[in-house]
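Spelled out from the first residue to the last, the chains are:
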Amino acid sequence: MGMELPGKKAVLLQDLRRQLRAWDRAGGTPAGKHTVLPFGVPALDAPWPDNGLPLGTLHEAAGDNGPAGFVAASAFMASIAGRLKGTVLWCGRGNLLYPPALAALGLDPARLLMVRARNDKDVLAVVEEGLRHGALACVVGEIERLDLTSSRRLILACEKSGATALVVRKPPRDGTANRGVVTAIAAASRWRVRAAPSSPHVIASAGRPRWQLDLLRSHYGTTGSWIVEAPDAQGYLHLPALLADRSPAETDEARRRRAG
Amino acid sequence: MKPAGVAPDKPFVIVGQEGQKQVIVAVNRHAQHEGIKPGMPLTHARAVVPHVAVAPAQPAEDAKALTRLATACLRFSPLVSVSAPDSVWIDATGVAHLFGGEQQMLTRIERLLRRSGLTARVAIAPTPGAAWAWSHYGRARIILSHTTDDLDPLPITALRLSSDVAHGLWRVGIKSIGALKALPRTTIPVRFGKDVLRRLDQAVGRAAESIDAILPPRARRRDLSFAEPISTAEDIRRVAASLVNGLCVDLETQQEGACKFDLVFTRIDGSTQAMRIGTARGSRDPRHILRLFGEHFDTIDPGFGIETAELTAWRVTALFPTQTAAEGGDQANHDLAVLVDVLANRTGAQNVYRVEPVATHIPERAVRNIDPIAAPTEAPGAWPTAWPRPLHLFAPPEPVEVTALMPDYPPAQFSWRGRMRKVRIADGPERIFGEWWQRAGEATESRDYFRVEDENGERYWLFRDGRMTADRNYRWYLHGLFP
């Protein structure tokens, strides 16, 4: 991260990044419209230029090829979509997500517009249509195969309207490794979300779920890896109390809440 | 068609007058089971089943009812035709994708028929003649591409021949379509009339057959004919634009909007190519309508050229100028309706929806899909928050092998999709009872749900079926995955 570098180099780098961002925006997004969505967790906000996930572009999340990973990645995207305003278009094929779970992740199911498509091609077309439309803040697509060209199309659509595209990589039906994860695509960020064992101290009752959250790639260079607690009903992730730098009193309270 | 007061499980026949004789024209399944067939004299049938229920034939009423049925079938395709006395043709070209494919389209058609109280046979095939043959005489329901030999085993009557001609063929031993095809082509018209060859060619697709499409009720229509057949994509688009603009002007003068627009091109060989789009709200905005058609223009195959084009607007509703002008508060909703139309025409209207909660504890029933742009009329219920719900719900639940220390303990480990998962933490049970007022069988049903976490932290929603199996065990299922 930038701050660890010795002074002069850091200043230079920061300056370069600022220039890069300015050029990015010259591509079409009006400067004022380019906003960010903070995670509310300093460690997660640090990798981004304005201390938050950039909006009006494409972000991608994948699990680890299993159904559980896909569900975790969907939940991660749902929590981001939930913190944006307005209708959320959610498109996938087959059995879509189960809405009663969404409120607990910070996304009110009443805000969802669901579209069931037949195949990846249709999902991509629906997502693009939703992004170009302009009245939606955010479009989520469950996509198995995504390549450089189609991801660029999505980014262009985002830049035109200012809407944010969130892609959840769907594991292939036949259970083979998702080759897509190694294919290069144009996304502002690429995340991997996997389940992690919840608090090891509470055996009697399952605590708040934990994820191993990896920022595999970012348009802004920084990557990272964190253990986080799954989103709360406002859609915010938390660092586990015992790992986070918090006062002892808070830790106890958090532990009591988990033990619930 | 279906007289009142006849028990559905009793033999029942409809009788027509043929000279001095009363002859059976139609039978129900139970009469058929007793050996009664159309064409049999009534006295004969009474000898078989003395108390058979009888009703007089009403051909005029039947024809009216058939037209009503065909009109109802317009919801499936722009081109629907009545084929007297007992059939309806629906042209599935270019519309099956709106239902998710031919199979689902047939299922929807069958559901409509069942709801109308009709027993019917449905088949989908590449030509109207073949569809008629399969639905009347075959077992297959879906034939998407056929060779000319597929129809061979069907009886000669499957070719829609008059009974005299069919009888003549039958008498000389030509009982199947295959036997007819074995004859030298040139001799057939001389011996049996030219109808036979024409019907055969229509069935196998060697000769075109245009079906006489019925007009939807309360429709507005515009058409164009061309001196020179058109075939380029630009020409087709230009024609479509001109028709849409013209029809929208018509609708505007009438202060109307329509929810369905059918564009039908007739090629010089007489065959047709149709496109249909639908809007969730009545519309007469030419730009919007053209945009929805635009998605389908590449499906039009002009063949050797298109002679006429016809645009029909139906499901016509009153639409006043104020409703089309996007005014302040309604703007967002109006915009969304436009997007919903675009998406619905791509994926099928039933695949674009919003969700609302249903007051029930049964997870499968807790969500209802609703119209995506319906105004929220009554206050919707709240989403349950008391118990955590999985983000992915398996429908139906997947059976799993579970090991528990005691039968009514939470699981210690379970095997799903071939992998054993050790349970580290288990929460539960949450007991959910069957809704006996929904289905009688559910009175004894109960499920105990557990939220379990395996060693990797993956979280599952398992339930134990409350009913013990014969060997005094419980069945376990995986119903969902938590994030």
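Residues numbered from 1 in each chain as written. Chains lettered and ligands numbered in written order. Predicted model: local features only at pLDDT ≥ 70, side-chain atom pairs only at ≥ 80, totals over all residues.

**A short note on the overall build of chain B**
Stage number 1. Broken down by element type, chain B carries 13 helices and 17 strands.
Stage number 2. A compact globule built from 483 residues should have a C-alpha radius of gyration of about 23 Å, whereas chain B, at 29 Å, is more than 25% larger.
Stage number 3. When the backbone C-alpha atoms are referred to their principal axes, chain B occupies close to 85 × 70 × 45 Å.
Stage number 4. For chain B, with 483 residues in total, the buried portion stands at 31%. (Helix = DSSP H or I, 4+ residues; strand = E, 2+ residues; numbered from the N terminus. Rg over C-alpha atoms; globule rule 2.2 N^0.38 Å. Buried ≥ 20, exposed ≤ 12 C-beta atoms within 10 Å, placed from the backbone.)

**Here's the deal with the sheet that holds strand β6 (residues 138–143) of chain A**
Stage number 1. Reading across from one edge, β10(A)-β9(A)-β8(A)-β3(A)-β7(A)-β6(A)-β4(A)-β5(A)-β10(B)-β11(B) is the order of the 10 strands in this open sheet, with mixed pairing throughout. At either end of the open sheet lies a strand with only one pairing partner, and these are β10 (224–229) of chain A together with β11 (367–370) of chain B. With strand direction ignored, the average angle separating the axes of adjacent strands in the sheet is 25°.
Stage number 2. As paired elements, β6(A) and strand β7 (residues 164–169) of chain A share 6 bridges and run parallel to each other. (Pairing = 2+ DSSP bridges. Axes fitted to C-alpha atoms, helices over the stretch in contact; angles between N-to-C directions.)

**Section: the nonpolar core**
All names here are of chain A.
Stage number 1. Counting 158 residues, the largest nonpolar core has M77, A81 and A165 as its most contacted members.
Stage number 2. When residues of this core are assigned to their parent elements, the largest contribution, 11 residues, is made by helix α3 (residues 67–82).
Stage number 3. When residues no more than four places from it in sequence are discounted, the contact partners of A165 are L58, V127, L131, V139, L154 and C158. (Core = buried A, V, L, I, M, F, W, Y, C linked by C-beta atoms within 7 Å. Contact = placed C-beta atoms within 7 Å.)

**A short note on the confidence of the model for chain B**
Stage number 1. Residues at a pLDDT of 70 or more form 93% of chain B, whose mean pLDDT is 83.
Stage number 2. Prediction confidence for the complex, expressed as pTM and ipTM, is 0.70 and 0.80 respectively. (pLDDT = per-residue confidence, 0-100.)

**Quick notes on the sheet that holds strand β15 (residues 446–454) of chain B**
Stage number 1. Taking strand neighbours around the barrel as the criterion, the 6 strands line up as β12-β13-β14-β15-β16-β17 (chain B) in a closed arrangement whose pairing is antiparallel. In this sheet, adjacent strand axes meet at a mean angle of 45° when their direction is disregarded.

**As for the confidence of the model for chain A**
Residue and element names in this part refer to chain A.
Stage number 1. This prediction gives chain A a mean pLDDT of 81; 78% of its residues lie at or above 70.
Stage number 2. For chain A, per-element mean pLDDT is lowest for helix α6 (residues 248–259), which scores 47, and highest for β6, which scores 95.
Stage number 3. Here residues 26–33 is modelled with pLDDT under 50, and outside its nearest four sequence neighbours on either side it reaches 10 contacts, counting other chains as well.
Stage number 4. Across residues 244–255, confidence stays below pLDDT 50; counting only partners more than four residues off in sequence or on other chains, it has 8 contacts.

**A few points about the interface of chain B and chain A**
Stage number 1. If you look at the interface, chain B gives 41 residues, while chain A gives 40 residues.
Stage number 2. Elements supplying a minimum of two residues to the side of chain B that touches chain A: α13 (331–347), β10 (352–357), β12 (392–404), β14 (419–433), β15 and β17 (476–482) of chain B.
Stage number 3. At 8 residues, the largest contribution of residues to the side of chain B that touches chain A is made by α13(B).
Stage number 4. For the side of chain B that touches chain A, a count of residues per class yields 22 nonpolar, 8 polar and 11 charged.
Stage number 5. Summarising the sheet, strand β5 (residues 112–117) of chain A and β10(B) pair through 2 bridges and their orientation is antiparallel. Residue pairing in the sheet places A:V115 in a bridge with B:V352 of β10(B). (Nonpolar A, V, L, I, M, F, W, Y, C, P; charged D, E, K, R; others polar.)

**So, helix α5 (residues 148–161) of chain A**
Residues and elements named next belong to chain A.
Stage number 1. Helix length check: α5, at 14 residues, gives a terminal C-alpha distance of 20 Å against a target of 20 Å (1.5 Å per residue), a fit within 8%.
Stage number 2. Of the positions making up α5, those classed as buried are S150, S151, L154, I155, A157, C158, E159 and S161.
Stage number 3. Buried positions along α5 lie against β3 (58–62), α4 (120–133) and β7.
Stage number 4. Positive phi appears at G162, one or two residues downstream of α5, with a value of about 85°. (Expected span 1.5 Å × (residues − 1).)

**Concerning the domain arrangement of chain B**
Stage number 1. Here chain B is partitioned into domain 1 (12–57), domain 2 (77–204), domain 3 (220–321) and domain 4 (392–482).
Stage number 2. Here the C-alpha centroids of domain 1 of chain B and domain 4 of chain B sit 56 Å apart. (Domains from an automatic or database assignment.)

**Some remarks on the pairing of strand β16 (residues 459–465) of chain B**
Residue and element names in this part refer to chain B.
Stage number 1. Buried residues dominate β16, accounting for 6 of its 7 residues.
Stage number 2. By the bridge criterion, 6 bridges tie β16 to β17 in an arrangement that is antiparallel. From the neighbouring strand, R459 faces β17, where its bridge partner is F482.

**As for the packing of α4(A) against α5(A)**
Residues and elements named next belong to chain A.
Stage number 1. Taken N-terminus to C-terminus, the directions of α4 and α5 make an angle of 15°; their axes are 8 Å apart at the nearest point. One element, α4, and the other, α5, form an angle in the roughly parallel class. Crossing geometry of α4 relative to α5 is assigned as left-handed. Contacts from L124, V127, E128, L131 and R132 of α4 reach α5 at S150, R153, L154, A157, C158, K160 and S161.
Stage number 2. Along the lines of polarity and charge, the residues of the contact of α4 with α5 split into 6 nonpolar, 2 polar and 4 charged. (Parallel < 35°, antiparallel > 145°, perpendicular 65-115°, else oblique. Left-handed = near helix turned anticlockwise from the far one by under 90°.)

**A look at the environment of B:G294**
Residues and elements named next belong to chain B.
Stage number 1. Within the secondary structure, G294 sits in helix α11 (residues 286–294).
Stage number 2. The exposure class of G294 is partly exposed, given the 15 C-beta atoms found within 10 Å.
Stage number 3. For the pair G294 and I277, spaced 17 residues apart in sequence, the C-alpha separation works out to 9.9 Å.

**A short note on the packing of helix α10 (residues 233–253) of chain B against α11(B)**
Relative orientation and spacing of two packed helices are given, respectively, by the angle between their axes and the distance between those axes.
Residues and elements named next belong to chain B.
Stage number 1. Put simply, α10 and α11 touch, their axes get as near as 9 Å, and they point 145° apart. You can see that α10 and α11 cross each other, and the crossing is right-handed. Across from A240, A241, V244, N245 and C248 in α10, the residues of α11 making contact are P286, I289, L290 and F293.
Stage number 2. Considered class by class, the residues forming the contact of α10 with α11 number 8 nonpolar, 1 polar and no charged.

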